[in-house]
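Below are the chains, spelled out letter by letter.
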Amino acid sequence: MPPLIIVGAGQAAAQLVTSLAQDGYTGPVTLLGDEPHLPYQRPPLSKKFLAGDLELERLYVKPASFYEKAGTELRLSTRVDRIERADQAIVLADGTRLSYSTLVLATGCRPRQLNLPGSDLDGIFYLRTIADVAAIRGRFGEARTLAVVGGGYIGLELAAVAAKRGLEVTVLEQATRLMARGVGPSVSAFYEALHRAEGVKVITGAKVLGFEGRERVAAVLAEDGIHPADLVVVGVGALPNVELAEAAGLSVDNGILVDAECRSSDRAIYAIGDCTSQVHALVDRKLRLESVHNALEQGRIAAASICGRPPPALQVPWFWSDQYDVKLQMVGLSEGHDQAVVRGDVKRGRSFAVFYLREGQLIAVDAVNRAPEFMLSKQLIADRARPDATKLADETVAVKDLRN
Ligand code: FAD
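Residues numbered from 1 in each chain as written. Predicted model: local features only at pLDDT ≥ 70, side-chain atom pairs only at ≥ 80, totals over all residues. Heavy atoms only, no water.

**What to know about the domain arrangement of the protein chain**
Its domain assignment divides the protein chain into domain 1 (4-110 + 238-306), domain 2 (113-234) and domain 3 (325-403). Of note, the centres of domain 1 and domain 2, computed from C-alpha atoms alone, are 30 Å apart. Each side of the interface is counted separately: domain 1 has 15 residues, and domain 2 has twelve residues. Between the two partners, domain 1 and domain 2, sit two salt bridges. Measuring nitrogen to oxygen at the nearest pair gives 3.1 Å for the salt bridge that ties Asp 274 to Arg 128. (Domains from an automatic or database assignment. Contact = heavy atoms within 4.5 Å. Salt bridge = Lys/Arg side-chain N within 4 Å of Asp/Glu carboxyl O.)

Here it is as structure tokens:
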């Protein structure tokens, strides 16, 4: 029998291999990835690994011996160019053709590129891979001024690491507030104040027009003026790697469309992780999530389906971000909330939680250095709980008693 082939050796793929083994899959598995590394965790790339506080080996989800033991053939630095669905085969960049019994696309995302005057100057970087970190870190030593284009969580984490290293950092965000896609307005305001307190210059409503410099970047040109920068990192979102799927005629709509079992429009092809778009049962609408939690969950779901087992229980989506000494944990999706209840003080200190409710039902929480509130909220949201808003805001009520 031809192997089960996984395209893309990232976080979702590593979970799939793990779950297939746990679910008793005994057929051959081939894992192909175009990076030279074993599947690794990306979150530390803008946090501890960027700061130099984590060894490369610690990024790897599993050691090489794990894949050997699991009977998975690993082919790294190998790019897949084409899917030939009629023959259940894929074609590699070097022309090699491989047949599959089942195909799983786990191709992830890539950074959205800026196409502005000066975009190709030396010294302008994006942050997605280990190679990107090596390039950025290589410039940390000589750089004095860093401009971060984009005030999303990746740009802000990088800004925090660079500020701690003593660089003069400017964050330029086009929207009127930071992390606007992920958190509510009061949390954005907290992060703006936090970065300013740490010495970072934050400019919201910024329109970047281009980059200046001879060969190397020297400044960012924005509508409000020129911002000196001998290093620039752009973090303006990511695009799903859907080209293989699209060319093969699979249904794609801001991600490879998959059903509840992570099957694409072709029953022999699954897709998992950042590259997918799926109706999430808990919110009843199509989502393309870019998170470790989603990559792990979809890896488990696809493995169960491939092995003919019942799917694991769905969890509420969650996410985290580390900036300075502040851990942000977000659970649920706050879009559509009609009430935001704050527990703690957003303006003083570095610890509070914001609960988002719709018609009395808790739908999301942004917890800033508030692990207990985050843990409880995961369960409350899954249970579609309707906690008492007055109690949520009352710090004299213990977290365990917030359930109502
Ligand atoms: P990936 O991990 O991107 O893996 C996909 C792999 O497929 C890549 O190696 C890609 O090169 C390869 N590939 C693509 N096309 C082909 C092809 N044709 N042939 C062969 N290989 C191919 N999430 C959180 O929840 N919390 C965080 O704090 C957080 N921080 C992050 C910080 C950074 C800097 C980044 C970049 C991401 C962060 N994320 C975070 C997001 C998280 O890392 C992703 O959601 C997760 O990696 C998705 O896993 P994946 O397997 O779908 O994709």
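**Considering the site of the ligand**
Around the ligand, a shell composed of 33 residues is seen, among which Asp 34, Glu 35, Lys 47, Arg 128 and Asp 274 lie nearest. The separation between an oxygen atom of the ligand and a polar side-chain atom of Asp 34 is 2.5 Å. Here an oxygen atom of the ligand and a backbone polar atom of Trp 320 are 3.0 Å apart. For the ligand, the accessible surface in isolation is 1000 Å², of which the surrounding protein chains cover 97%. (Near = heavy atom within 4 Å. Polar contact = N/O pair within 3.5 Å; in protein donor to acceptor, adjacent residues only side chain to side chain. Areas by Shrake-Rupley, 256 points an atom, 1.4 Å probe, with all protein chains shown as cover.)

**Details of the nonpolar core**
Residues Ile 6, Leu 16, Leu 146, Val 169, Val 187 and Tyr 191 are the most contacted members of the largest nonpolar core, which totals 74 residues. With seven residues, the single largest contributor to this core is helix H5 (residues 153-164). The next biggest cluster of nonpolar side chains, apart from the first, holds 22 residues, and it includes Val 80, Leu 98, Leu 103 and Ile 269. (Core = buried A, V, L, I, M, F, W, Y, C linked by side-chain atoms within 4.5 Å. Buried < 20%, exposed > 50% of the residue type's maximum accessible area, 1.4 Å probe, protein only. Helix = DSSP H or I, 4+ residues; strand = E, 2+ residues; numbered from the N terminus.)

**Quick notes on the side chain of Ser 19**
Relative to the helices and strands, Ser 19 resides in helix H1 (residues 11-22). Overall, the relative accessible area of 3% leaves Ser 19 in the buried class. Aside from chain neighbours lying at most four places away, what touches Ser 19 is Gly 299, Arg 300 and Ala 303.

**Some thoughts on the pairing of strand S22 (residues 318-323)**
Residues Phe 319, Ser 321 and Gln 323 point to one face of S22 and are all buried, whereas Trp 318, Trp 320 and Asp 322, pointing to the other face, are not buried. What sits between the antiparallel neighbours S22 and strand S23 (residues 326-332) is a turn of two residues, in which Tyr 324 has the positive phi angle 55 degrees. (Pairing = 2+ DSSP bridges.)

**Here we look at helix H6 (residues 185-197)**
In this model H6 runs 18 Å from its N-terminal to its C-terminal C-alpha over 13 residues, within 8% of the 18 Å that 1.5 Å per residue would give. Buried within H6 we find Val 187, Ser 188, Phe 190, Tyr 191, Glu 192, Leu 194 and His 195. With its phi angle positive at about 95 degrees, Gly 199 sits one or two positions after the end of H6. (Expected span 1.5 Å × (residues − 1).)

**Concerning the sheet that holds strand S13 (residues 208-213)**
The strand order across the open sheet formed by three strands is S13-S14-S15, and the pairing between neighbours is antiparallel. Strand pairing shows two members of the sheet lacking a second neighbour, S13 and strand S15 (225-228), which therefore form its edges. On average, each strand axis in the sheet is tilted by 25 degrees relative to the strand beside it, whichever way the strands run. (Axes fitted to C-alpha atoms, helices over the stretch in contact; angles between N-to-C directions.)

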